[in-house]
Amino acid sequence: MGSLKSFIKAVRKAKTIADERSVISKESAAIRTSFRDPTLDQTTRRINISKLVYLYIMGEKTHFGQVECLKLLASPRYADKRLGYLACMLLLDENQEVLTLLTNSLDNDMQHPNPFIIGLALCCLGNIASPELARDLHANVEKFVISKNIYLRKKACIVAATLVEKDPDLSEYFIPKIDELINDKHPSVLLGALRLIEALYAASHEDEDQHRQILLKTIPKIVGHLKRITTSGYQPDYDVMGTTDPFLQVALLSALRTLANDEHCSAQYLEEINDILTQVASNLDSGKNSAHAILYECVKTIFAIQSDQSLRILGVNILGKFLSTKDNNTRYVALDTLLTVVTIEPLAVQRHRSTIVSCLTDGDISIRRRALELSFGILNEQNIRVLVREILTFLENCNDQELKPYVTSQLTIAASKYSPNDKWHFDTLIRMLKVSGNSLTPDIISNILALILQCNDPELKRHIVSRLLASCLEDPSQYGLALITVWTIGEYGDIILGSTIEVKSKEVQVTEASIVQLIEDLINNSTYSESETVQLTTYILTAIIKLSIKFKDPQIIEKLRLIINSKTYDNNLEIQIRAVEYQEIFAQDISLKRGLLARMPAPPIKQRESLTLHKSASSSTKNSKRTSAGLSATNTQDLLLDLMDDDDNTGSNQGTPTLSQPDILSDIFGGVSSQAPKATSPNAAILDLFNTPTSPVVASGAAAAIPSANEIVAFNGANVKVSFIPKSFPQDGHAIMEAIINSNTTAMIEQVQLLIAVPKTQKLSISSTSGGDTLSGSGPIRQTLKIVGKAGSKIKLRVKVKYNVGGTPMEEQFDFAGFEKTL
């Protein structure tokens with residue numbers, strides 16, 4: 001049996017996958033045979049285990065060697081124990097049954113006089129500890145936490161943090177050691193102590209005020225350590241590129257962020273934290289990566305706690321400096337963080353608009369995507385013209401077909417929200433159609449059509465139809481543009497007859513013949529997909545039947561009839577049925593047709609929520625307070641929620657996901673729920689675009705009602721009253737309650753919106769609302785809330801109510817924790 005070196009050489013020499021599989025299979029069989037030898041010596045066992053580790057790295061099966069790893073630990077030699085513990089950490093995990101056999105080995109080695117062997121045992125325990133191992137061996141770790149050996153003390157603190165995470169009940173054994181640990185000035189011990197403090201805080205329940213008070217009392221000492229490090233001179237052992245111990249500084253800032261988020265953190269502590277953050281952010285030179293790490297952590301802390309506005313502006317300016325660096329990683333972090341703080345300090349972020357826009361042309365796609373999302377985040381009435389021009393340029397040069405639907409969707413929302421006037425609004429939408437008409441989702445098309453139908457200015461409507469017709473003549477390959485143009489011509493083709501439009505720098509007069517020619521060109525266009533062709537043809541047929549009562553020339557009308565007649569033999573059943581029906585309508589009396597084919601009334605426009613390119617599971621800056629659950633799942637950028645925090649230790653305790661896209665395929669006018677029956681064909685009648693709108697996702701309101709016997713009033717303002725009715729509190733980690741909004745005034749309250757956030761250890765889900773979005777005499781708003789979290793934890797809600805009174809936007813915010821029962 002050869003050495004590990006010869007085995008690796010044999011694997012690397014394999015020229016094909018089959019040869020490699022053969023070498024690995026033979027070696028695995030030889031290792032199995034060797035393990036079955038009762039006289040196997042420790043040297044051979046060590047060689048075999050080293051080969052197993054190599055096989056593990058290659059992704060091969062190694063379960064047959066788990067017990068042999070434990071046997072290797074029994075050797076008195078340090079080299080054997082080192083390899084044995086390495087193999088145990090790699091080949092075992094906390095779910096393996098064989099892990100129970102490891103307890104004695106760990107216990108024995110923790111009593112060993114050699115501190116390095118103790119260190120190996122601590123490392124192994126910290127990596128693969130199960131709740132059972134944590135309970136069995138916590139006493140050994142507790143002993144080393146107060147050891148005089150700095151090497152063991154640091155390791156013990158880090159292992160203790162892992163044990164507390166596995167079993168929170170072990171906190172009581174390590175809490176008393178915190179005062180002594182935090183007073184230690186040695187960097188390695190401090191790193192372990194800070195890790196333990198964060199683990200103890202995360203494991204403590206909200207009702208364990210005594211534990212949390214002990215942890216909060218460490219804040220002045222942590223601030224003192226941070227001040228000492230920032231003012232200390234050059235320390236060669238801990239200097240990284242001119243920055244003193246950046247690892248410890250990052251750990252100190254992270255611990256401050258965790259503790260300062262506690263509701264019992266005193267104002268004095270917060271003031272001290274604000275001072276030290278200002279000192280750290282001002283004294284560091286941001287030219288090196290080590291300094292960037294500290295500044296980034298400092299910015300995260302600034303926006304995670306109750307900091308001064310001047311300090312928040314300083315944090316935004318630091319991120320602005322990051323944007324000007326050449327390092328792509330630093331720039332990406334800056335854009336990602338600015339995106340989360342733009343709603344907190346919008347004016348400060350606006351100052352870096354030119355730098356953000358310049359990132360739209362960056363060579364890195366990740367930076368371009370983040371810059372694009374941030375550009376939409378900083379859009380407002382003042383900069384809409386400049387930014388939309390840059391975004392349209394980006395859209396024209398964008399080759400990412402998956403990104404275009406996001407851009408068109410966001411651009412439609414932004415133009416509708418911030419447009420300086422209606423003409424600019426429609427011109428912008430038409431420019432968007434010209435550069436990305438093939439990337440529009442059905443709801444965007446419906447949105448644009450509804451806006452055109454709602455336009456009451458005859459001159460503006462004539463301008464819109466003319467621009468659409470000219471754009472479609474210039475580029476008939478844009479599907480969305482063709483669809484909207486055909487629909488618009490069918491409704492308003494008569495208002496532009498005789499006018500002149502500019503097509504490719506040439507003046508073209510609009511006549512009945514030119515419109516029919518465009519229709520024929522579109523119906524014979526072969527650049528569209530089959531589904532697009534079917535959809536466009538159905539739109540064209542509807543436009544033809546409507547134009548038949550608007551045109552005067554009998555020859556042109558006969559051409560329209562012949563087009564409809566030709567489609568009665570189409571292979572597609574939907575087109576065929578529609579053509580036959582329209583053929584019957586075509587033959588009816590003109591007076592009947594005029595009533596039947598009159599212009600459509602303007603439908604209401606469904607309010608759309610902004611999308612995000614963020615993935616909730618991979619977001620690098622999650623907020624401990626950012627467990628939002630509002631009546632709109634996409635309201636993730638509301639000021640109700642802090643958008644900065646450190647990475648959570650567990651991904652399962654997230655609140656409502658950061659990204660929750662609305663169903664962009666649902667019709668913008670329909671608002672049909674996901675349970676509604678879907679159309680059997682994508683080529684539904686054009687009239688089907690305009691369904692009766694259902695209630696929007698926001699809470700909507702009514703006047704005051706007779707209160708329930710167990711109704712708890714949470715907020716009673718001048719205009720609205722918010723109360724809760726506990727429905728079900730089985731105290732098994734679940735709770736159901738009902739939120740009610742009533743009016744306290746005789747004035748009309750419109751556009752009511754309710755946003756609710758819960759602590760990070762809980763998750764909130766909300767049912768649909770009852771009522772519209774206006775508080776009137778039809779009754780109160782009722783909304784069912786379901787909260788899931790740790791059994792026994794207290795329910796705390798942060799609530800924001802938005803509404804309009806007489807056209808004036810109002811906003812109320814309050815915290816509520818008045819439920820007698822717990823989860």
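It should be noted that the structure appears before, not after, this text.
Conventions used here
Residues numbered from 1 in each chain as written. Predicted model: local features only at pLDDT ≥ 70, side-chain atom pairs only at ≥ 80, totals over all residues. Heavy atoms only, no water. Helix = DSSP H or I, 4+ residues; strand = E, 2+ residues; numbered from the N terminus. Buried < 20%, exposed > 50% of the residue type's maximum accessible area, 1.4 Å probe, protein only. Expected span 1.5 Å × (residues − 1). Contact = heavy atoms within 4.5 Å. Polar contact = N/O pair within 3.5 Å; in protein donor to acceptor, adjacent residues only side chain to side chain. Core = buried A, V, L, I, M, F, W, Y, C linked by side-chain atoms within 4.5 Å. Phe/Tyr/Trp six-rings, centres within 6.5 Å; stacked < 30°, edge-to-face > 60°. Lys NZ or Arg CZ within 6 Å of the ring centre and 35° of its normal. Pairing = 2+ DSSP bridges. Axes fitted to C-alpha atoms, helices over the stretch in contact; angles between N-to-C directions. Parallel < 35°, antiparallel > 145°, perpendicular 65-115°, else oblique. Left-handed = near helix turned anticlockwise from the far one by under 90°. Nonpolar A, V, L, I, M, F, W, Y, C, P; charged D, E, K, R; others polar.

**Student:** What's the story with unusual backbone geometry in this structure? I'm lost.
**Tutor:** When glycine is set aside, most residues are seen to have a negative phi, and most peptide bonds are trans. Unusually for a residue other than glycine, lysine 504 sits at a positive phi of about 55 degrees. Tracing the backbone through its elements, the reader meets lysine 504 in the loop between strand 3 (500-503) and strand 4 (506-509). Taking relative accessible area as the criterion, lysine 504 reaches 57% and is therefore assigned exposed.

**Student:** What is the right way to look at helix 9 (residues 150-166) in this model?
**Tutor:** Over its 17 residues, helix 9 runs 25 Å from end to end, which matches the ideal 24 Å to within 8%, given 1.5 Å per residue. Those residues of helix 9 that fall on the buried side of the exposure criterion are Leu152, Arg153, Lys155, Ala156, Cys157, Val159, Ala160, Ala161, Thr162, Leu163 and Val164. The inward-facing, buried residues of helix 9 contact helix 7 (115-128), helix 8 (131-145), helix 10 (171-174), helix 11 (178-183) and helix 12 (187-203). Its side-chain oxygen at 2.9 Å from the backbone nitrogen of tyrosine 151, asparagine 149 defines the N-terminal cap of helix 9.

**Student:** I'm lost on the nonpolar core in this one. Help?
**Tutor:** If you look at soluble globular proteins, the nonpolar side chains tend to sit buried side by side. Residues Leu125 and Val141 are the most contacted members of the largest nonpolar core, which totals 201 residues. Apart from the residues lying within four places of it in its own chain, the contact partners of leucine 125 are Leu106, Met110, Leu133, Leu137, Val141, Val159 and Leu163. Membership of the second largest hydrophobic core comes to 30 residues, among which are Val720, Val758, Ile795 and Val799.

**Student:** Please clarify how the packing of aromatic side chains should be interpreted in this entry.
**Tutor:** Aromatic rings considered in pairs are described by the distance between their centres and by the relative angle of their planes. Going through the model one piece at a time under the given rule, you end up with 10 aromatic pairs. Considering the side-chain rings of phenylalanine 7 and tyrosine 54, the 5.6 Å spacing of their centres and the 85 degrees angle between planes classify their relative orientation as edge-to-face. Of the two residues, phenylalanine 7 sits in helix 1 (residues 4-13) while tyrosine 54 sits in helix 3 (residues 42-57), which places them 47 residues apart along the sequence. A residue is classified by how much of its surface remains accessible, and tyrosine 54, at 17% relative accessible area, is buried. Between the aromatic rings of phenylalanine 724 and phenylalanine 819, the centroid separation amounts to 5.8 Å while the plane-to-plane angle is 65 degrees, which identifies the pairing as edge-to-face. Of this pair, phenylalanine 724 sits in strand 6 (residues 720-728) while phenylalanine 819 sits in the segment after strand 13 (808-816); the two residues are 95 residues apart in sequence, bridging distant segments of the chain. In terms of burial, phenylalanine 724 and phenylalanine 819 fall into one category: buried. The ring of tyrosine 201 carries the charged tip of arginine 212 above its face, separated from the ring centre by 4.6 Å.

**Student:** So what exactly am I meant to see when it comes to the sheet that holds strand 11 (residues 781-788) here?
**Tutor:** Whenever strands of a sheet pair, they do so through backbone hydrogen bonds, lying parallel or antiparallel. In space, the 5 strands of this open sheet follow the order 5-6-7-11-9, with antiparallel pairing throughout. At either margin of the open sheet sits one strand with a lone partner, and together these are strand 5 (712-716) and strand 9 (763-766). Mean inter-strand twist for the sheet, computed between neighbouring axes without regard to direction, equals 25 degrees. Where strand 5 meets strand 6, 4 bridges bridge the pair, whose relative direction is antiparallel. Residue pairing for strand 6: phenylalanine 715 is matched across the bridge by valine 722.

**Student:** What am I meant to see in the sheet that holds strand 13 here?
**Tutor:** Spatial ordering of the open sheet is given by 10-8-12-13, a layout of 4 strands whose pairing is antiparallel. At either end of the open sheet lies a strand with only one pairing partner, and these are strand 10 (774-775) and strand 13. As paired strands, strand 8 (residues 749-757) and strand 10 are joined by 2 bridges and run antiparallel to one another. For isoleucine 749, the partnering residue across the bridge sits in strand 10 and is leucine 775.

**Student:** So what exactly am I meant to see when it comes to helix 18 (residues 309-323) here?
**Tutor:** What sets the pattern is the α-helix's 3.6 residues per turn: residues three or four places apart point alike. Helix length check: helix 18, at 15 residues, gives a terminal C-alpha distance of 21 Å against a target of 21 Å (1.5 Å per residue), a fit within 8%. Here helix 18 has its buried residues at Leu311, Gly315, Val316, Ile318, Leu319, Gly320, Phe322 and Leu323. Check the buried side of helix 18 and you find it contacts helix 16 (267-283), helix 17 (289-304), helix 19 (328-341), helix 20 (346-350) and helix 21 (353-358).

**Student:** What exactly am I supposed to notice about the side chain of asparagine 383 here?
**Tutor:** Tracing the backbone shows asparagine 383 in the loop between helix 22 (365-377) and helix 23 (384-397). Overall, asparagine 383 belongs to the buried group, its relative accessible area being 1%. Polar side-chain contacts of asparagine 383 include one of 2.9 Å to the backbone nitrogen of asparagine 380. When near neighbours in sequence (up to four residues on either side) are disregarded, asparagine 383 contacts Gln350, Arg353 and Ile378.

**Student:** Can you walk me through the packing of helix 9 against helix 12 in this structure?
**Tutor:** Geometry of a packed helix pair, given as the angle between the helix axes and the separation of the axes. At their nearest, the axes of helix 9 and helix 12 sit 8 Å apart, and the two run at 15 degrees to each other. Classified by the angle their axes make, helix 9 and helix 12 are roughly parallel. Of the two possible hands of crossing, helix 9 and helix 12 adopt the one that is left-handed. Along its contact with helix 9, which presents Ile150, Arg153, Lys154, Cys157, Ile158, Ala160, Ala161, Thr162, Val164 and Glu165, the element helix 12 presents Ser188, Val189, Gly192, Ala193, Arg195, Leu196, Ala199, Leu200 and Ala203. Partitioning the contact of helix 9 with helix 12 into residue classes produces 12 nonpolar, 3 polar and 4 charged.

**Student:** Looking at this model, I keep getting lost on the packing of helix 23 against helix 24 (residues 404-418). Mind explaining?
**Tutor:** Where helix 23 contacts helix 24, the axes come no closer than 11 Å and their chain directions differ by 160 degrees. With respect to helix 24, the axis of helix 23 lies roughly antiparallel. The handedness of the crossing between helix 23 and helix 24 comes out as left-handed. Contacts between helix 23 and helix 24 involve Ile384, Val388, Ile391, Leu392, Phe394 and Leu395 from the former and Lys404, Val407, Thr408, Leu411, Ala414 and Tyr418 from the latter. Looking at side-chain class alone, the contact of helix 23 with helix 24 contains 10 nonpolar, 1 polar and 1 charged residues.

**Student:** Looking at this structure, I do not really get the environment of lysine 593. What am I missing?
**Tutor:** Its location among the elements puts lysine 593 in helix 33 (residues 590-596). Through-space distance from the C-alpha of lysine 593 to that of lysine 546 is 8.8 Å; in sequence the pair is 47 residues apart. Those residues in contact with lysine 593 that sit more than four places away from it in its chain are Ser548, Ile549, Ile585, Phe586 and Gln588.

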